[in-house]
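Architecture and fold: a report
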Amino acid sequence: MKYVNPEKLNVVVRELLAGLSPSDFADAEEYRLSKEISALQIGFGLFSYFLLRPDGEVISIDCLDSVKIERSRESYHLLRILAWGAERHPALTSLIPERPPEAEDCTLCGGSGTNVSIAGDGMSCAWCSGLRWTVED
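Please read these numbers as outputs of a predicted model, since none were measured by experiment.

Counting buried positions along strand 1 (residues 40-44) gives four out of five residues, so the element sits mostly inside the fold. By the bridge criterion, four bridges tie strand 1 to strand 2 (residues 48-52) in an arrangement that is antiparallel. Bridging across to strand 2, F44 finds its partner in Y49. Between strand 1 and strand 2, which pair antiparallel one after the other, the connecting turn spans three residues.

The four strands lie next to each other as 1-2-3-4, forming an open sheet whose pairing is antiparallel. The two strands at the open ends of the sheet, each matched to only one other strand, are strand 1 and strand 4 (69-72). Within the sheet, the average angular offset between the axes of one strand and its neighbour, ignoring direction, is 20°. As judged from the five bridges shared by strand 2 and strand 3 (residues 58-62), these two strands associate in the antiparallel manner. The residue bridging S48 from the neighbouring strand is D62, located in strand 3. Its contacts with the sheet place helix 2 (residues 28-37) against strand 1, strand 2 and strand 3, and it is angled at close to 40° to strand 2. Most of the contacts of helix 3 (residues 75-88) go to strand 1, to which it runs at about 90°, and overall it touches strand 1, strand 2, strand 3 and strand 4.

Of the residues in the protein, 94% reach a pLDDT of 70 or more, and the chain-wide mean stands at 90. At the low end of the mean pLDDT range in the protein sits strand 7 (residues 122-124), at 74; at the high end sits helix 1 (residues 6-18), at 97.

The rules we used
Residues numbered from 1 in each chain as written. Predicted model: local features only at pLDDT ≥ 70, side-chain atom pairs only at ≥ 80, totals over all residues. Heavy atoms only, no water. Buried < 20%, exposed > 50% of the residue type's maximum accessible area, 1.4 Å probe, protein only. Helix = DSSP H or I, 4+ residues; strand = E, 2+ residues; numbered from the N terminus. Pairing = 2+ DSSP bridges. Axes fitted to C-alpha atoms, helices over the stretch in contact; angles between N-to-C directions. Contact = heavy atoms within 4.5 Å. pLDDT = per-residue confidence, 0-100.

What follows is the structure, encoded as structure tokens:
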């Protein structure tokens, strides 16, 4: 968590968790997972639920096999999850840092923050989640 204030992250995520109701979840499984591991729901990826714990741990749970759980404390995972999660939970925006000097333009979107979908619509970049930049731990 090199780029994010851990105390502020803890407070913001806990406040968001406390204010959630079952209707704020995409489905019953997302609700169950969030409650079971005390983590904020971020979204659903290709085949996984993504959640964020107040301590900054990013959790990915396979939707077909909930035993397959990936956990990360890498800065680049946290930054991407914060950017993606801010679409659903605007309070997370306050946790996203300014671009650090060592950051590089995202190689997938070329620093634009968007990709073009099959329908021709712009959408947030799948790699940087719209940050336009990435960092390595």
